[in-house]
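# Remarks on the overall topology
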Amino acid sequence: MTNQNIEKDKIKFENLYKSFFSDLKNTSIEINTDKISIVEISDTNTDPASVELEFKDDQFLVYFWDGYSLAEIFETENYKEALTIYKKFAKKLAKNLRRY
C-alpha cells in the first residue's frame, strides 16, 4: 500500500531531479518501486555523495551520504514527511556538488 506512493510519484521525483541537478552532469537518478536514489557519478570516489529514499519494514528511510560517509539518516512512517526531508537532502546534495 505505502510502497505504491513511491511508484505513483515517479514523475515528481524525476522533475525534482531535473530542477536541482540539471546543470550537474556527473549525477544520475534511479527510481524503483521501493527506493529512489540520486548519486554522484565518480570514478575516483568509492563512496560517492548521494541521497536515497527507501521504503523498508513499514518505514521510510532517507539517507544523505556526503561523499565520505553516511552523514544523516531520517526514519518515519509518514510518507509526506519523508518526501519533505528527501527534498531537503536533495537540495543540500546539489549545493554541495556545485561547491566542489
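From a predicted model like this one, the values you see are computed outputs, not experimental measurements.

Below, the discussion takes up the sheet that holds strand S2 (residues 35-40). Strand pairing within a sheet occurs via backbone hydrogen bonds; the two strands may be parallel or antiparallel. Across the sheet, 5 strands lie side by side as S1-S2-S3-S4-S5; this open sheet has antiparallel pairing. Each end of this open sheet is capped by a strand with a single partner; those strands are strand S1 (27-31) and strand S5 (70-76). Within this sheet the neighbouring strands show an average axis-to-axis angle of 15°, counted without direction. Pairing of S1 with S2, which is carried by 5 bridges, proceeds in the antiparallel orientation.

Okay, the pairing of strand S4 (residues 59-65) next. A regular strand places its side chains on the two faces of the sheet in alternate fashion. Taking burial as the measure, the 7 residues of S4 include 5 buried ones, the bulk of the element. Pairing of strand S3 (residues 50-56) with S4 involves 7 bridges; the strand directions are antiparallel. By the bridge assignment, Leu 53 is partnered in S4 with Val 62. Where S4 folds back on S5, the antiparallel hairpin that results is connected by 4 residues, among which Gly 67 adopts a positive phi of roughly 105°.

This part takes up the packing of helix H2 (residues 10-21) against helix H3 (residues 79-99). Interhelical geometry of H2 versus H3 gives an angle of 25° and a closest axis separation of 10 Å. Viewed along their axes, H2 and H3 adopt a mutual orientation that is roughly parallel. Regarding H2 and H3, the two cross each other, and that crossing is right-handed. Judged by residue contacts, Lys 12, Phe 13, Leu 16, Phe 20 and Phe 21 of H2 engage Tyr 79, Leu 83, Tyr 86, Lys 87, Ala 90, Lys 91, Leu 93, Ala 94, Leu 97 and Arg 98 from H3. A class-by-class count of the residues in the contact of H2 with H3 yields 11 nonpolar, no polar and 4 charged.

A few words now on a positive patch on the surface. Taken together, the side chains of Lys 8, Lys 12, Lys 80, Lys 87, Lys 91, Lys 95 and Arg 99 define a basic patch exposed on the protein surface. Here the element with the most residues in the positive patch is H3; it accounts for 5 residues. Its location among the elements puts Lys 87 in helix H3.

Once that is clear, we can look at the environment of Glu 40. With respect to the element layout, Glu 40 can be found in strand S2. The buried category is assigned to Glu 40, whose relative accessible area is 17%. For the pair Glu 40 and Thr 27, spaced 13 residues apart in the sequence, the C-alpha separation amounts to 4.4 Å.

Parameters at a glance
Residues numbered from 1 in each chain as written. Predicted model: local features only at pLDDT ≥ 70, side-chain atom pairs only at ≥ 80, totals over all residues. Heavy atoms only, no water. Pairing = 2+ DSSP bridges. Helix = DSSP H or I, 4+ residues; strand = E, 2+ residues; numbered from the N terminus. Axes fitted to C-alpha atoms, helices over the stretch in contact; angles between N-to-C directions. Buried < 20%, exposed > 50% of the residue type's maximum accessible area, 1.4 Å probe, protein only. Parallel < 35°, antiparallel > 145°, perpendicular 65-115°, else oblique. Left-handed = near helix turned anticlockwise from the far one by under 90°. Contact = heavy atoms within 4.5 Å. Nonpolar A, V, L, I, M, F, W, Y, C, P; charged D, E, K, R; others polar. Patch = residues over 30% accessible without salt bridge, like charges linked within 9 Å, V, L, I, M, F, W, Y side chains within 5 Å. Areas by Shrake-Rupley, 256 points an atom, 1.4 Å probe, with all protein chains shown as cover. Salt bridge = Lys/Arg side-chain N within 4 Å of Asp/Glu carboxyl O. Lys, Arg positive; Asp, Glu negative; His and termini not counted. Charge placed at Lys NZ, Arg CZ, Asp CG, Glu CD.

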